[in-house]
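An overview of the molecular structure
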Amino acid sequence: MRDGIRVAAPCKINFHLCVMDRRNDGFHNLESVFQALSFGDELRFESLKDRFVCDLRMPGSVPPEQNIVQKAVTLFREQTRFDRGLRITVEKRIPLGAGLGGGSSNGAATLWALDKMAGTELPERVLRGMAEKLGSDVPFFLSGATAFVGGRGEIVEPLDLSFGPLWVVLVNPAIHSDTKRAFSLLDASREGKRKPASLPLGKDTLEKALREKPSRWPFFNDFLPVLVQFSEEAVSGLYRRCLEDLRSIGADFVSLSGSGSTCFGVFDDQKRAEGAVAKLSETWNFVRLTFPLARKGFTVVE
Ligand code: C5P
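Residues numbered from 1 in each chain as written. Predicted model: local features only at pLDDT ≥ 70, side-chain atom pairs only at ≥ 80, totals over all residues. Heavy atoms only, no water.

Turning next to the environment of Lys49. Following the sequence through the fold, Lys49 ends up in the loop between β2 (28-48) and β3 (54-57). Distance in space between the C-alpha atoms of Lys49 and Leu86 is 8.3 Å, their sequence separation being 37 residues. (Helix = DSSP H or I, 4+ residues; strand = E, 2+ residues; numbered from the N terminus.)

Dropping the structure here:
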């Protein structure tokens, strides 16, 4: 049992995101490469005397019952006998509706931290089961680092890669992207053109490609052309400009994370990445220089 713990909850990007068929349960099968980054939120968990209380302190306007941190606490209490009162303070840095998995990371960090605080030491499969209930992207964050992700997100196969130093520049074009809506837009675009779902590249190809220079990556994100073409004009324009800015500044690989809205550029040279951040910050409000995390799981902040 521990009285308190502080956890770093990283964001993620999708180096690759192929959306395949729509399943009977309404979810889509994916083939993706998820990568946790050095940028993220911080969650502080403290014990309170009153049993079952959960005092959640987090900036923003998400109602408590819809907050994934609150949902994770409720789920954990239901599945264990953990009844201790809690104060949870979230230092929020990851923008919402940005495709960076901020909510999912917070949810996974909460399950992980409560397991430590309660001293329950739940088997990984039990934590994963809870994570799946919280959302499609949540299981990834229990493993972290670089992972091949399949199914609707529940298949997570960590990849042991030691690719050379890379820098990732995140640019958010101040668009709030709704995941459900983005999937509907994708479905509609496919139905209209009778275009089949994308063909996956296969895990072996993805893994091999990750060892190549980013300028040679064959990765794509199926949401990207759809959001650029079929969003309202103002939104399309923002995506176009953001992606073009990243390309023209010399990023080795440019793509979109998740179902939007954050665009990113991968650089294999630190100086070029730093130069890009300085230049892009003249136009865009949210620009961050980050790097891929190599360490799996969550980090306790001392
Ligand atoms: O699981 P999560 O709550 O993050 O999913 C939000 C929405 O995104 C789902 O309701 C579904 O419409 C869509 N989704 C999907 N296929 C996935 C993940 C999410 O269609 N693999």
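Overall, the coordinates contain 12 aromatic pairs when judged by the stated rule. Ring plane angle 45° and centroid distance 5.7 Å describe the contact between Trp112 and Phe298, whose orientation is recorded as tilted. Placement of Trp112 in helix α2 (residues 102-118) and of Phe298 in the loop between β10 (286-290) and β11 (299-300) is noted, with a sequence separation of 186 residues between them. Comparing Trp112 with Phe298, the two get one shared label, buried. (Phe/Tyr/Trp six-rings, centres within 6.5 Å; stacked < 30°, edge-to-face > 60°. Buried < 20%, exposed > 50% of the residue type's maximum accessible area, 1.4 Å probe, protein only.)

So, on to the domain arrangement of the protein chain. Accessible area lost upon the coming together of the parts is a frequently used measure of interface size. For the protein chain, the assigned domains are domain 1 (4-159) and domain 2 (167-290). Inter-centroid distance (C-alpha atoms) of domain 1 to domain 2 is 23 Å. Facing the 30 residues of domain 1 at the interface are 38 residues of domain 2. At the boundary of domain 1 with domain 2, total buried surface from both sides reaches about 2,500 Å², with 68% on carbon and sulfur atoms. The largest contributions to the domain 1 side of the interface with domain 2 come from Phe15, Leu17 and Val19, which together make up 22% of the buried area. The tally of links between domain 1 and domain 2 comes to two salt bridges. Between Lys203 and Glu157 there is a salt bridge, with the nearest N and O atoms lying 2.8 Å from each other. Taken together, domain 1 and domain 2 are joined by 18 residue pairs in polar contact (both at pLDDT 80 or more). (Domains from an automatic or database assignment. Contact = heavy atoms within 4.5 Å. Buried area = accessible area lost by both parts, 1.4 Å probe. Salt bridge = Lys/Arg side-chain N within 4 Å of Asp/Glu carboxyl O. Polar contact = N/O pair within 3.5 Å; in protein donor to acceptor, adjacent residues only side chain to side chain.)

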